[in-house]
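# Observations on the model geometry
Chain residues, written in single-letter form:
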Amino acid sequence: MNIATHPFDALMDITARPPAVFVRGEGSFLWDDSGKRYLDFMQGWAVNCLGHSPPVVADALAAQAKLLLTPSPAFYNAPSLTLARALTDHSCFDRVFFANSGAEANEGAIKLARRYGALHRHGAYEIITFNGAFHGRTLATMSASGKKAFEPLFEPKVPGFPKARLNDLASVKQLINDRTVAVMLEPIQGEAGVWPATDQFLRELRDLTTTHGLLLIVDEIQTGMGRTGKLFHYEHAGIEPDIMTLGKGIGGGVPLAALLATEAASCFQHGDQGGTFNGNPLMCAAGLAVLRAVAAPTFLKSVADAGLYLETELQRMSARHGLGAVRGRGLLLALDLKHPIGASIVAHAFDDGVLLNAPQPDALRFMPALNVSREQIAQMIDCLDAILTRMGAARRVA
Ligand SMILES: Cc1ncc(COP(=O)(O)O)c(C=O)c1O
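Here's what I pulled together on the structure shown here. (Residues numbered from 1 in each chain as written. Predicted model: local features only at pLDDT ≥ 70, side-chain atom pairs only at ≥ 80, totals over all residues. Heavy atoms only, no water.)

Moving on, we get to helix α4 (residues 102-120). Relative to the 27 Å expected for 19 residues at 1.5 Å per residue, α4 spans 26 Å between its end C-alpha atoms, a close match to the ideal helical length. Every buried residue belonging to α4 is among Gly 102, Ala 103, Ala 105, Asn 106, Gly 108, Ala 109, Ile 110, Leu 112, Ala 113, Tyr 116 and Gly 117, and all of these are buried. Count one or two residues on from α4 and you reach His 122, which has phi positive near 50°. (Helix = DSSP H or I, 4+ residues; strand = E, 2+ residues; numbered from the N terminus. Expected span 1.5 Å × (residues − 1). Buried < 20%, exposed > 50% of the residue type's maximum accessible area, 1.4 Å probe, protein only.)

Here it is in structure tokens:
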């Protein structure tokens, strides 16, 4: 590894990173600058839904780059119009605002709900969110998040985000008052360690919010774009939310996100929302290529099948090593390790050329490319199996 040649200290030191510099990616594989190859089951935290540098995205970017990068957000451009229509055609929503990151899309959803409260609910502004939730790293989205580690940071927080408990309808009911305008949740809490809202809970939330005239906002930044075997997770529960945010997978590796709303909830007025790069044709051309691939007839079935295979293999391995349950859906799964050995497994896997993620000390999260092959899943399982055997042997010796 040629790390001595890289000027590491010019970047702000915001997180611990392994000493490797990645230079190339293709499908499920990444290469560092020493030529070492890694099998990637993180995929940029569920971003590269078609794997690294998929040809359809690279081609769309190259073609669009030669045509038009940005006319100005003050003007229409063809890729953003086409992508917006494709998203509304494939969902229960009528209107789309494009953003550059998931946090920005969620910030937009929060503003949209507050605008709705101002127009239709006598200035109501509170949005009920959930313990364990992760909605991003802007000040408002950190405030909306229910992540313990965020609690002491960057005080004072943005007010108006009372927290309920996931899958506990009574805890939501208790928080509803005249100031409430919306309920916002991730259908599967990803950062918290892949904790799903049950389909039943999602249906109950839809009924409850409808009864009280509240908006239901789903943050599908991690679960959307085919990740769980449906194009959008809310489809599993058979509900129609009022607002949805997308990020990560929608750009297939480039910074694109979206805020979608029904006509009734789409109440921004001129001047409320915007941004220099929002809906720029380059990113939207990539988004269109991704959506066409993911929404193709057999693709989502193949995601569901690969998810079942990965789940079964993880369950078998868990039984072999006395670990816990596998949770999640499609290709967003977590393995309960029962012990705080996640970071250690991730480090061993990195050395062995497999990229894994431990969102919590006692859980591993799996979010491979949606077109990951069975052979690649089997290869990752073999690697994990070997690491767990070594670690088990070491524990027994100690
Ligand atoms: C559910 C969810 N919402 C929001 C975000 C924030 O997205 P971004 O990092 O693109 O701002 C994430 C990122 O992990 C996420 O998983």
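A few words now on the side chain of Arg 327. Take Arg 327: it is sitting in strand β13 (residues 326-329). Although Arg 327 is buried, it forms no salt bridge, and the closest oppositely charged side chain is Asp 336 at an N-O distance of 4.4 Å. A distance of 3.0 Å separates a polar atom in the side chain of Arg 327 from the backbone oxygen of Val 194. The residues touching Arg 327, leaving out its near neighbours within four places in the chain, are Gly 193, Val 194, Trp 195, Leu 332, Leu 333, Ala 334, Asp 336 and Ala 363. (Lys, Arg positive; Asp, Glu negative; His and termini not counted. Salt bridge = Lys/Arg side-chain N within 4 Å of Asp/Glu carboxyl O. Polar contact = N/O pair within 3.5 Å; in protein donor to acceptor, adjacent residues only side chain to side chain. Contact = heavy atoms within 4.5 Å.)

Here we take up the pairing of β13. The side chains of a regular strand alternate between both faces of the sheet. Sheet topology note: the β13/strand β14 (residues 332-336) ladder contains 4 bridges and is antiparallel. Each residue of the ladder has a partner; that of Arg 327, found in β14, is Ala 334. Where β13 hands over to β14, the hairpin turn is made up of 2 residues, of which Gly 330 adopts a positive phi near 60°. (Pairing = 2+ DSSP bridges.)

Under the definition given, this model contains 15 salt bridges. Between Arg 24 and Glu 26 there is a salt bridge; the shortest N-O distance is 3.3 Å. Between Arg 85 and Asp 89 there is a salt bridge, with its nearest N and O atoms 4.0 Å apart. Residue Arg 85 and its partner Asp 89 are located together in helix α3 (residues 78-89), separated by 4 residues, close to a single helical turn. We note that Arg 85, like Asp 89, is exposed.

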